[in-house]
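For reference, the chains in residue letters:
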Amino acid sequence: MADMNTGVIEAFRANAGVLGDDVAGGHFTGKRLVLLHHAGRVSGKEYVTPLVAATDGDAYVITGSLGGAPKDPAWVANVEDGPGETTIEVGDKTIRVKTTVVRPGEPDWERLYGIWAEYWPDAKEYETHTDRKFPVIRLEPTA
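Computed from a predicted structure; not experimentally measured. (Residues numbered from 1 in each chain as written. Predicted model: local features only at pLDDT ≥ 70, side-chain atom pairs only at ≥ 80, totals over all residues. Heavy atoms only, no water.)

**Observations regarding the overall build of the protein chain**
Applied cut-off: Put simply, DSSP H or I for four residues or longer makes a helix, DSSP E for two residues or longer makes a strand, and each gets a number counted from the N terminus. Here a residue-residue contact requires only that any non-hydrogen atoms of the pair lie within 4.5 Å. Note on areas: Shrake-Rupley, 1.4 Å probe, and residue coverage restricted to the protein chains presented here. Lys and Arg are tallied as positive, Asp and Glu as negative. Neither His nor the chain termini are counted. The atoms used to mark charge sites are NZ of Lys, CZ of Arg, CG of Asp and CD of Glu.
Summing up its helical and strand segments, the protein chain has four helices and seven strands in all. Principal-axis analysis of the C-alpha atoms gives the protein chain an extent of 40 × 35 × 30 Å. The long-range share in the protein chain, meaning contacts at least 24 apart out of those at least 6 apart in sequence, stands at 62%. Taken as a whole, the protein chain presents about 7700 Å² of accessible surface, with 50% of it coming from carbon and sulfur. Averaging the coordinates of the 15 positive side-chain charges in the protein chain and doing the same for the 22 negative ones gives two points 3 Å apart.

Spelled out as structure tokens, the structure:
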């Protein structure tokens, strides 16, 4: 996964966030991605994770689906245990955002997950791989 992420990050930065058919088999062609910056909650190491992002007004919505894996991806816990703010890269901009992790059963989860699942057609397939409901993270620009 790290090697694929490295290629996606490099292509994202080289093309102002626009990915074509030559990246990840064209899986992200025409879709909005953000590069999420986060620190490891134990190691403190800085990470950058490319994620499909839908929009909710001025905010971005990402989901910890990990392709339907049985557990949340590590970046979710990093954000959840983090300071409540981080940076994301969108297109050719880097912006500061407030992070709000919304878990299944919490107010607004269904609405936010619905926005993301409608934007990312693979969501339905991911849901068939697990009984886990995916956490949603709302990234709201602070400036």
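**Let's talk about the pattern of salt bridges**
What counts is decided by this rule: A pair is scored as a salt bridge if a Lys or Arg side-chain nitrogen falls within 4 Å of a carboxyl oxygen belonging to Asp or Glu. Burial classification: accessible surface area is computed with a 1.4 Å probe over protein chains only, and a residue below 20% of its type maximum counts as buried, one above 50% as exposed, and the rest as partly exposed.
Tallied over the entire structure, the rule returns 11 salt bridges. With a shortest N-O distance of 3.5 Å, Arg 96 and Glu 85 are connected by a salt bridge. With Arg 96 in strand 6 (residues 93–102) and Glu 85 in strand 5 (residues 85–90), this pair connects stretches of sequence that are 11 residues apart. Its salt-bridge partner being Arg 138, residue Glu 140 comes within 3.2 Å of it at the nearest N-O pair. By relative accessible area, which is 35% here, Glu 140 ends up partly exposed.

**Structural notes on the packing of aromatic side chains**
We count it as follows: The pairing test for Phe, Tyr and Trp rings, Trp by its six-membered ring, is centres within 6.5 Å, and the orientation test on the planes gives stacked under 30 degrees, edge-to-face over 60, and tilted for anything in between.
Tallying each qualifying case throughout the model produces three aromatic pairs. Aromatic side chains Trp 109 and Tyr 113 sit 5.0 Å apart centroid to centroid with 5° between the ring planes, which places their arrangement in the stacked category. One end of the pair, Trp 109, and the other, Tyr 113, are both in helix 3 (residues 109–119), four residues apart, so they sit about a helical turn from each other. Tyr 113 carries the same exposure label as Trp 109, and that label is buried. Taken together, Trp 109, Tyr 113, Trp 116 and Phe 134 form an aromatic cluster joined through their ring pairs.

**Topic: the environment of Val 48**
Summarising the element assignment, Val 48 is placed in strand 2 (residues 46–52). Residues Val 48 and Ile 88, spaced 40 residues apart in sequence, show a C-alpha to C-alpha distance of 8.8 Å. Beyond its immediate sequence surroundings of up to four residues, Val 48 is in contact with Ile 9, Arg 13, Leu 35, Leu 36 and His 37.

**Structural notes on the pairing of strand 7 (residues 136–141)**
The cut-off we apply is this: If DSSP finds at least two bridges between two strands, the strands pair.
Pairing of strand 4 (residues 59–63) with strand 7, which is carried by four bridges, proceeds in the antiparallel orientation. Along strand 7, the bridge assignment pairs Ile 62 with Ile 137.

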